[in-house]
Number of protein chains: 2
Amino acid sequence: MNIVLFSEKEYIESNVVRLRSRRFKHITQIHRVKVGDQLAVGQLGSLRGTGEVLRLSESFVDLKVTLTDSAPVALPCQLILALPRPPVLKRILISATSLGVKKIFLIQTNRVEKSFWQSSALKPDILKTQLILGLEQSKDTVLPEVYMRKRFKPFVEDELPNLIRKSKGFVAHPQEAQPCPKEFPVPLTLVIGPEGGFIPFEIDKLTACGFNVIHAGCRIFRVETAVPFFLSRIPIS
Amino acid sequence: MNIVLFSEKEYIESNVVRLRSRRFKHITQIHRVKVGDQLAVGQLGSLRGTGEVLRLSESFVDLKVTLTDSAPVALPCQLILALPRPPVLKRILISATSLGVKKIFLIQTNRVEKSFWQSSALKPDILKTQLILGLEQSKDTVLPEVYMRKRFKPFVEDELPNLIRKSKGFVAHPQEAQPCPKEFPVPLTLVIGPEGGFIPFEIDKLTACGFNVIHAGCRIFRVETAVPFFLSRIPIS
């Protein structure tokens, strides 16, 4: 937890927030604060700053917050991911969020097991937990939006053309591809397939939609490796 | 498993290997091969090629192998990692191996919990399993060498100067750092710290040894995100 995040509704006074449970435990047991100590804090969807420990009880901590700094710059990339296995999804949501992605589409493809859509990892609360962990890691305050699209064809035909209209589209795929650029043009829409890859029909649909097919050399990566690998090549203004 | 790997001692004839257990199960249950089918294969430490299914029993498969292609080019980077938590270590070993790293040092630093060194994840067999998974992912045949250094100071003072003599040294650290280059000079020695980072004494020792301190913008990543993020910026000849 490199930043302590709170939401607007946790204010108990105009500049005091009261934190319980996970954050309370972390602040008292890991940071081991005393009254008067200062912590890096941020208000979800808003500014960052410092929080001074005002009161410590057995179940909550009150922080007097002073918010002065804007959130870090977002990564100029929307990420479209074939829905990964649930434990991998959790890690990738943390990773992509910490990297600064603000729009994530989880989509069905031929090689995505349909049962993955039933996973509790996709429940809004559990999903949000991963996003918060990602923000806490990289001192960010702005939650990504996560969209789920359980049908590939309607998504690619009806929604994707509009989504990529103002960005450059790339899809990572090892066959019949160009080398990944050292630096992507931005804004970027990046598509990463499932373990086992896309089927030719899916690549055809994506290229017809304007996507460039790129590879990372002759190696094939796990999705959780591919995400930071490709996102590393996005310039930040 | 994008390639089926075997070792030299698994030959039962001059060009036939017999595979059991995990690989047998994978080949028969995931690839669902028949006699005559061909698979991508590789001999550990040697060439890659194709394996034709000669015989299928209930507990083994015999492949007639034809080895024609060299292993993919190694990443020109030795990676020095503060020993991560054991489950994270396992994933990072797979990830770094799939990215083509061939030399990995796991080191003690101030913020590495000493108990991590007792983990079964560091037992040679379990460690090798992760490396093999990484090779199978990226169709490689050459196992990385993994070294463990349980004392920071002797490692940095006595061994590291010699290790980086013919390479450029970089250490990822968010404070008092230069932006990470878009493309690293190679050969590269890259140091990545523990969750919580290095302490100033450690950074001083590394810079005294010739390392450049770099950051990835204002964001801080988990180690498993940082490894592919930074390794993505290494050019491959």
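The structure under discussion appears in the preceding block.
Reading guide: rules and limits
- Residues numbered from 1 in each chain as written.
- Chains lettered and ligands numbered in written order.
- Predicted model: local features only at pLDDT ≥ 70, side-chain atom pairs only at ≥ 80, totals over all residues.
- Heavy atoms only, no water.
- Helix = DSSP H or I, 4+ residues; strand = E, 2+ residues; numbered from the N terminus.
- Buried < 20%, exposed > 50% of the residue type's maximum accessible area, 1.4 Å probe, protein only.
- Contact = heavy atoms within 4.5 Å.
- Areas by Shrake-Rupley, 256 points an atom, 1.4 Å probe, with all protein chains shown as cover.
- Axes fitted to C-alpha atoms, helices over the stretch in contact; angles between N-to-C directions.
- Parallel < 35°, antiparallel > 145°, perpendicular 65-115°, else oblique.
- Left-handed = near helix turned anticlockwise from the far one by under 90°.
- Nonpolar A, V, L, I, M, F, W, Y, C, P; charged D, E, K, R; others polar.
- 1 Å grid on protein atoms, 1.4 Å probe; cavity = no way out; pocket = protein on both sides within 12 Å on 5 of 7 lines; lining within 4 Å.
- Points joined across faces, edges and corners; volume = space filled by probe spheres on them.
- Least-squares fit on C-alpha atoms with pLDDT ≥ 70 in both.
- Expected span 1.5 Å × (residues − 1).
- Arc of directions from axis to C-beta.
- Pairing = 2+ DSSP bridges.
- Right-handed = clockwise from strand over helix to strand, strands pointing away.

**Quick look at the overall build of chain A**
- In terms of helices and strands, chain A carries 6 helices and 13 strands.
- Reported as C-alpha extents along the three principal axes, the dimensions of chain A are approximately 60 × 40 × 30 Å.
- A total of 237 residues make up chain A; the buried ones form 52% of that total.
- Taking all contacts inside chain A whose residues are at least 6 apart in sequence as the whole, residues at least 24 apart take part in 70%.
- Of the roughly 11000 Å² of accessible surface on chain A, a fraction of 50% belongs to carbon and sulfur atoms.

**Focus: the packing of helix H2 (residues 86-98) of chain A against helix H3 (residues 124-138) of chain A**
Residues and elements named next belong to chain A.
- Following both chains from N to C, one finds H2 and H3 inclined at 40°, their axes separated by 7 Å at the closest point. With respect to their mutual orientation, H2 and H3 come out oblique. Considering the relative orientation of H2 and H3, their crossing is right-handed. Every residue of H3 that contacts H2 at Lys90, Leu93, Ile94, Thr97 and Ser98 is listed here: Ile126, Leu127, Gln130, Leu131, Leu133, Gly134, Leu135, Gln137 and Ser138.
- Per-class residue counts for the contact of H2 with H3 are 7 nonpolar, 6 polar and 1 charged.

**What about empty space enclosed by the protein?**
- Tallying each qualifying case throughout the model produces 1 cavity of 30 Å³ or more.
- Considered as a void within the structure, the largest cavity measures approximately 170 Å³ in volume.
- Contributing to the lining of the largest cavity are 15 residues, with Arg91, Glu224 and Thr225 of chain A together with Arg91 and Glu224 of chain B lying nearest its centre.
- If you list the elements that add at least two residues to the lining of the largest cavity, you get H2 and helix H6 (223-231) of chain A together with helix H2 (86-98) and helix H6 (223-231) of chain B.
- Classifying every residue of the lining of the largest cavity by side-chain character gives 5 nonpolar, 4 polar and 6 charged.

**Notes on the relation of the copies chain B and chain A**
- Of the transformation superimposing chain B on chain A, the axial component is 0.0 Å and the angular component is 180°, with the fit at an RMSD of 0.0 Å. Expressed as a symmetry operation, the mapping of one chain copy onto the other fits a two-fold axis. Minimal C-alpha distance to the rotation axis in chain B is attained by Phe229 of chain B, lying at 2.4 Å.
- Take the interface residues of chain B: 100% of them recur as interface residues in chain A, which is what a same-surface contact looks like.

**Quick notes on the packing of H2 of chain B against H6 of chain B**
All names here are of chain B.
- The interhelical angle for the contact between H2 and H6, taken along N-to-C directions, is 10°, at an axis separation of 10 Å. Judged on the interaxial angle alone, H6 and H2 are roughly parallel. Contacts between H2 and H6 involve Val88, Arg91, Ile92, Ser95 and Ala96 on the former and, on the latter, Val223, Glu224, Val227 and Pro228.
- In terms of residue class, the contact of H2 with H6 is made up of 6 nonpolar, 1 polar and 2 charged.

**As for helix H4 (residues 152-163) of chain B**
Residue and element names in this part refer to chain B.
- A rise of 1.5 Å per residue sets the reference length of H4, with its 12 residues, at 16 Å; its end C-alpha atoms lie only 14 Å apart and thus fall more than 12% short of the reference.
- Listing the buried residues of H4 in full gives Phe152, Phe155, Val156, Leu160 and Leu163. The buried residues of H4 occupy one face: seen down the axis, they fall within an arc of 90°. Opposite the buried face of H4, by more than 90 degrees, sit the exposed residues Asp158 and Asn162.
- Packed against the buried residues of H4 are strand S7 (77-82), strand S8 (103-107), strand S9 (145-149), strand S12 (188-192) and helix H5 (200-208).

**Observations concerning the pairing of strand S8 (residues 103-107) of chain A**
All names here are of chain A.
- For S8, the buried fraction is high: 4 of the 5 residues fall into the buried class.
- Sheet analysis places strand S7 (residues 77-82) next to S8, joined by 5 bridges and oriented parallel. Looking across to S8, one finds that Leu81 is bridged to Leu106.
- Each parallel crossover has a hand, and for S7 linked through H2 to S8 it is right-handed.
- Two strands pair when backbone bridges link them, and S8 and strand S9 (residues 145-149) are joined in this way by 5 bridges, in the parallel orientation. Of the residues in S9, the one forming a bridge with Leu106 is Met148.

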